[in-house]
Amino acid sequence: MADTDDLLERKNFYLDVPPACSAFTLKGSNALDWGMKNRLARIFSPADNRTVMLAVDHGYFQGPTTGLERIDVTIAPLVPFADALMITRGALRSSIPPETSKPVVLRSSGGQSILKELSNERIAVDIEDAVRVNASALAVQVYIGGMHEHQSIGNLVEIVNSGNRHGIPTMAVTGVGKELARDAKYLGLATRICAELGAHFVKTYYCEKNFAAVAAGCPVPLVIAGGKKLPELDALTMAYRAISEGAAGVDMGRNIFQCDAPKAMIQAVRAVVHGDETPEKALDLYHALKSDGEVEEACQQKTQLR
Ligand code: R5P
């Protein structure tokens with residue numbers, strides 16, 4: 001029988017404690033709904049509002065990119081070291097174990113290839129399918145100044161609207177055509193337009209001069225792409241500078257998965273992004289982890305030979 005006699009007396013409403021009311025400190029995100037904040041907090045660590053996203057979506061327009069020939073072999077082991085994984089639904093379903101607890105930033109635009117005009121994209125995922133794969137964010141390319149600028153901005157607006165209906169944030173990715181300069185003036189224009197149209201965070205490129213102005217002029221978090229493969233110290237230096245100048249993290253692909261030691265590199269990038277480590281110290285960490293990994297791999301090979 002239910003114990004109803006003295007229930008009221010035992011309740012404690014903590015009358016002297018004011019209701020919990022905490023600010024959500026991720027840049028520009030305090031006015032969002034609970035689901036949006038919860039998903040963003042899975043991508044950006046609440047401890048420092050920063051993220052190391054691993055971008056492996058290159059195949060959506062350039063096919064089997066070097067390092068991504070077998071995502072199940074090369075990328076799945078890196079996932080535990082990333083804060084989030086940026087990927088297409090096809091690669092996710094076929095190559096990433098569903099047991100992963102890492103948030104997925106789902107590539108949601110496409111429709112072109114490297115053989116054609118890159119800005120000619122359309123929305124490439126239904127919101128229902130994004131929900132089905134439990135996406136924590138949607139990613140859409142925006143080509144400011146590109147041949148299909150208007151269409152790509154339309155894609156962003158539609159993705160933001162459908163994501164908003166389900167509490168799923170949108171990351172706008174500023175695609176820069178070959179004819180456009182990746183300078184602060186251009187990147188400031190592109191990132192600000194994306195944020196004003198409702199993107200919850202924006203992926204862009206780092207620029208040597210005045211990146212701080214790009215970051216300050218964008219009212220939501222910026223993450224930087226790594227771009228083409230660089231020597232490790234240069235990639236770590238770029239990440240360090242971007243963070244020091246106001247970026248909230250990286251969404252890095254080739255500079256991680258095209259490395260000789262991708263596991264070591266992603267950990268070195270984490271040291272910069274989450275540990276404010278200098279590029280030189282992070283490079284030392286890379287080399288140390290790389291040689292540890294080589295020892296580990298040699299042991300595994302010996303074991304397999306037995
Ligand atoms: C942009 O076109 C896509 O999201 C790329 O797959 C991604 O930005 C590439 O990352 P990274 O430049 O670091 O290889």
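As a reminder, the structure under discussion sits directly above these lines.
Only a predicted model underlies this, so the values are computations on that prediction, with no experimental measurement involved.

Colleague: Just checking my understanding: could you explain the site of the ligand for this structure?
Modeller: Around the ligand sit 15 residues in total, of which Asp 57, His 58, Lys 203, Gly 227 and Gly 253 are the nearest. In the environment of the ligand, an oxygen atom lies 3.0 Å from a nitrogen or oxygen atom belonging to the side chain of Gln 141. Between the ligand and Gly 227 there is a distance of 2.8 Å, counted from an oxygen atom to a backbone nitrogen or oxygen. Taking 370 Å² as the accessible area of the ligand by itself, protein coverage stands at 95%. In terms of residue class, the shell around the ligand is made up of five nonpolar, five polar and five charged.

Colleague: Where do I start with a nonpolar patch on the surface in this structure?
Modeller: Residues Ile 114, Leu 115 and Leu 118 make up a contiguous nonpolar surface patch of about 320 Å² in total accessible area. Position of Ile 114 relative to the elements: it lies in the loop between strand E4 (109-110) and strand E5 (122-123). Owing to a relative accessible area of 52%, Ile 114 belongs among the exposed residues under this scheme.

Colleague: It is not clear to me how the pattern of salt bridges should be interpreted in this structure. Could you clarify?
Modeller: Any two side chains of opposite charge can pair, on the condition that their charged atoms come close. Summed over the entire model, instances satisfying the criterion amount to twelve salt bridges. Taken together, the shared-partner salt bridges connect Arg 89, Arg 93, Asp 129 and Arg 132 into one network.

Colleague: Explanation requested: unusual backbone geometry in the structure shown.
Modeller: Glycine aside, the phi torsion of most residues is negative, and most peptide linkages are trans. You will see that Tyr 14, though not glycine, has its phi angle at about 45 degrees, which is positive. When you line up the elements, Tyr 14 lands in the loop between helix H1 (7-10) and helix H2 (34-43). At Asp 276, a residue that is not glycine, the phi angle is positive and equals roughly 50 degrees. On the secondary structure map, Asp 276 appears in the loop between helix H12 (262-275) and helix H13 (279-305). The exposure class assigned to Asp 276 is partly exposed, which follows from its relative accessible area of 47%.

Colleague: Explanation requested: the nonpolar core in the structure shown.
Modeller: General note: in soluble globular proteins, nonpolar side chains tend to be found buried as a group. Judged by nonpolar contacts, the single largest core of 76 residues is most densely connected at Leu 54, Ile 75, Phe 211 and Val 269. Top contributing element to this core by residue count: H12, with seven residues. Those residues in contact with Ile 75 that lie beyond four places of it in its chain are Leu 54, Val 56, Gly 67, Leu 68, Arg 70, Leu 85 and Phe 257. In this structure, Met 171, Phe 201, Val 223 and Ala 248 belong to the second largest nonpolar core, which totals 16 residues.

Colleague: Help me understand the packing of helix H10 (residues 232-244) against H12, please; the structure alone is not making it clear to me.
Modeller: Packed helices, taken two at a time, are described by their axes: the angle between them and the distance between them. It is the contact of H10 with H12, at a shortest axis distance of 9 Å, that shows an interaxial angle of 25 degrees. With respect to H12, the element H10 is oriented roughly parallel. The two elements H10 and H12 meet at a crossing, and its hand is right-handed. On H12, the residues touching Glu 232, Ala 235, Leu 236, Ala 239, Tyr 240 and Ile 243 of H10 are Met 265, Ala 268, Val 269, Val 272 and Val 273.

Colleague: Would you explain the layout of surface pockets in this entry?
Modeller: Space left empty within the atom packing is revealed by a probe, the size of a water molecule, rolled over the atoms. Put simply, the largest pocket is a space of about 1,100 Å³. Lining of the largest pocket is provided by 44 residues; of these, Val 176, Arg 182, Tyr 205, Gly 227 and Arg 254 occupy positions nearest its centre. Residue assignment for the lining of the largest pocket shows that the elements contributing at least two residues are helix H3 (59-62), strand E7 (170-174) and H10. In terms of residues, the lining of the largest pocket owes the most to one element, H10, which gives four residues. Looking at the lining of the largest pocket, its residues break down into 17 nonpolar, 13 polar and 14 charged.

Colleague: Help me understand the packing of aromatic side chains in this model?
Modeller: Where two aromatic rings form a pair, the distance of their centres and the angle of their planes describe that pair. Overall, the coordinates contain three aromatic pairs when judged by the stated rule. Their ring planes at 50 degrees and their centres at 5.1 Å tell us that Tyr 206 and Phe 211 sit as a pair that is tilted. Phe 211 matches Tyr 206 in its accessibility class, with the two residues each being buried. Here the guanidinium or amino end of Arg 182 rests over the ring plane of Tyr 205, the centre of that ring lying 3.7 Å away.

About the cut-offs
Residues numbered from 1 in each chain as written. Predicted model: local features only at pLDDT ≥ 70, side-chain atom pairs only at ≥ 80, totals over all residues. Heavy atoms only, no water. Near = heavy atom within 4 Å. Polar contact = N/O pair within 3.5 Å; in protein donor to acceptor, adjacent residues only side chain to side chain. Areas by Shrake-Rupley, 256 points an atom, 1.4 Å probe, with all protein chains shown as cover. Nonpolar A, V, L, I, M, F, W, Y, C, P; charged D, E, K, R; others polar. Patch = residues over 30% accessible without salt bridge, like charges linked within 9 Å, V, L, I, M, F, W, Y side chains within 5 Å. Salt bridge = Lys/Arg side-chain N within 4 Å of Asp/Glu carboxyl O. Helix = DSSP H or I, 4+ residues; strand = E, 2+ residues; numbered from the N terminus. Buried < 20%, exposed > 50% of the residue type's maximum accessible area, 1.4 Å probe, protein only. Core = buried A, V, L, I, M, F, W, Y, C linked by side-chain atoms within 4.5 Å. Contact = heavy atoms within 4.5 Å. Axes fitted to C-alpha atoms, helices over the stretch in contact; angles between N-to-C directions. Parallel < 35°, antiparallel > 145°, perpendicular 65-115°, else oblique. Left-handed = near helix turned anticlockwise from the far one by under 90°. 1 Å grid on protein atoms, 1.4 Å probe; cavity = no way out; pocket = protein on both sides within 12 Å on 5 of 7 lines; lining within 4 Å. Points joined across faces, edges and corners; volume = space filled by probe spheres on them. Phe/Tyr/Trp six-rings, centres within 6.5 Å; stacked < 30°, edge-to-face > 60°. Lys NZ or Arg CZ within 6 Å of the ring centre and 35° of its normal.

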